[in-house]
Amino acid sequence: MHIKTTKCNHFCLVASVTNQEVFNHPEAQAGFEALFRSFDPEVQFQYFKSFRRVRISFSDALAAAEARLRLHKTDFSGKEMRLYFAQSVHIGSPRLEPPKPEKQFLISPPASPPVGWEQSQDATPVINYDLLCAISKLGPGEKYELHTATPTTPSVVVHVCEDEQVGNPVPSDSDQDDKARAPRPKIIQTRRPDYTPRIEQ
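Description of the structure in this document. (Residues numbered from 1 in each chain as written. Predicted model: local features only at pLDDT ≥ 70, side-chain atom pairs only at ≥ 80, totals over all residues. Heavy atoms only, no water.)

Take the overall build of the protein chain next. The secondary structure content of the protein chain amounts to five helices and seven strands. Reading the protein chain from its N end, one meets helices and strands in the order β-α-α-β-β-α-β-β-α-β-β-α. The burial tally for the protein chain puts 15% of its 201 residues in the buried class. The contacts in the protein chain between residues at least 6 apart in sequence include a share of 55% that link residues at least 24 apart. Entry remark: accessible area of the protein chain is about 17800 Å², with carbon and sulfur atoms responsible for 54%. (Helix = DSSP H or I, 4+ residues; strand = E, 2+ residues; numbered from the N terminus. Buried < 20%, exposed > 50% of the residue type's maximum accessible area, 1.4 Å probe, protein only. Contact = heavy atoms within 4.5 Å. Areas by Shrake-Rupley, 256 points an atom, 1.4 Å probe, with all protein chains shown as cover.)

Moving on, we come to the environment of Asn19. When you line up the elements, Asn19 lands in the loop between strand E1 (4–16) and helix H1 (21–24). When near neighbours in sequence (up to four residues on either side) are disregarded, Asn19 contacts Phe76, Ser77 and Lys79. Side-chain polar atoms of Asn19 contact the backbone nitrogen of Glu21, separated by 3.2 Å. (Polar contact = N/O pair within 3.5 Å; in protein donor to acceptor, adjacent residues only side chain to side chain.)

Evaluation of the coordinates by the stated rule reveals three salt bridges. A salt bridge links Glu33 to Arg37; the shortest N-O distance between them is 3.2 Å. Taken together, the residues span about one helical turn, with Glu33 and Arg37 both in helix H2 (residues 26–37) at a distance of four residues. Note that Glu80 and Arg82 form a salt bridge whose closest N and O atoms lie 3.2 Å from each other. For Arg82, a relative accessible area of 33% translates into the label partly exposed. (Salt bridge = Lys/Arg side-chain N within 4 Å of Asp/Glu carboxyl O.)

Counting 19 residues, the largest nonpolar core has Phe32, Phe36, Val54, Ile56 and Phe58 as its most contacted members. Looking at this core, the elements with two or more residues in it are E1, H1, H2, strand E3 (53–57), helix H3 (61–71) and strand E5 (79–91). No other element matches H3, which puts four residues into this core. Contacts of Ile56, omitting those with residues within four sequence positions, involve Phe11, Cys12, Leu13, Ala15, Phe32, Phe36, Val43, Gln44, Phe45 and Leu83. (Core = buried A, V, L, I, M, F, W, Y, C linked by side-chain atoms within 4.5 Å.)

Now for the packing of aromatic side chains. In this structure the tally under the stated criterion is seven aromatic pairs. Connected via pairs of aromatic rings, a cluster forms that spans Phe23, Phe32, Phe36, Phe45, Tyr47, Phe58 and Phe76. (Phe/Tyr/Trp six-rings, centres within 6.5 Å; stacked < 30°, edge-to-face > 60°.)

The subject of this paragraph is the pairing of E3. What you see with E3 is a clean split: Val54 and Ile56 sit on the buried side and Arg53, Arg55 and Ser57 on the side with no burial. Of the strand pairs in this sheet, strand E2 (residues 44–48) and E3 are connected by five bridges, and their pairing is antiparallel. Across the sheet, the residue bridging to Phe48 is Arg53, located in E3. Hairpin geometry of E2 and E3 is characterised by an intervening segment of four residues between the two adjacent antiparallel strands and by a positive phi of about 55° at Arg52. (Pairing = 2+ DSSP bridges.)

A few words now on H2. A rise of 1.5 Å per residue sets the reference length of H2, with its twelve residues, at 16 Å; its end C-alpha atoms lie 16 Å apart and thus fit the reference within 8%. Within H2, burial applies to Ala28, Phe32, Glu33 and Phe36. Down the axis of H2, the sector holding all buried residues measures 130°, keeping them to one side. Seen from the buried face of H2, the exposed residues on the opposite side, beyond 90 degrees, are Pro26 and Glu27. (Expected span 1.5 Å × (residues − 1). Arc of directions from axis to C-beta.)

Turning our eyes to something else, we now look at the environment of Asn24. Here Asn24 lies in helix H1. Since its relative accessible area comes to 41%, Asn24 is described here as partly exposed. Expressed as a C-alpha distance, the spacing of Asn24 and Lys49, which sit 25 residues apart in the sequence, is 8.9 Å.

Here is the structure:
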C-alpha cells in the first residue's frame, strides 16, 4: 500500500487574491510583487487566474516566513489577502504495484473461490395468496375490493377485463348480405421475360 504524506514547503507561499486587477492590470501586478520583493529580491511569481491564486517562490525560508507573518490578512487594493505555505504531496513508492495475492479473488471471474466461500441461496419469491384467492373467486363482470379507502389512501379494486367483442357485436349473416363488400384487389404477378439463348462464336 502506498503511503501518502503531505509536507509543508517553507520556501513557497500561496496567496489567495480576490482582487482581479492583479491578474488583468500590469500596474496592480507590479504593486503586488513589490510587497514581496522587499523581503526577497529573487522572489518568483506564478499567477493562476482561474483559481484566484498566486504562487510565490522564495530563495530563503526565513524570508517566506517573515512575508507570511507580516502580509497575511492585510489589505491590498481594498481586498483582504491571505497567505498560506504551499504543500507538497509525497507518495511512498514511485511505481504502481500490483495488488497483494489475497485480494486477487475479487477479480471477475475468479480463478477459484476463497477459503470459506459458500454459494448464497436465492430468496423465496413473494406470492400474494390473498390476491390469487380473490381473483379465483371473481365471476364475469364482478369486482373485488382489496383495500378499503381511508382518509389518506385510496381503495384498491380489482376489475375483470371485459371481452373485446362487448360493445362491438359481430354482425349477422343478413347484415353482411345487405352490405356489399368492396372486392379485394387482385395482385397481378409480373410476367417473366422470354429467355432466348445466345450462341457466342
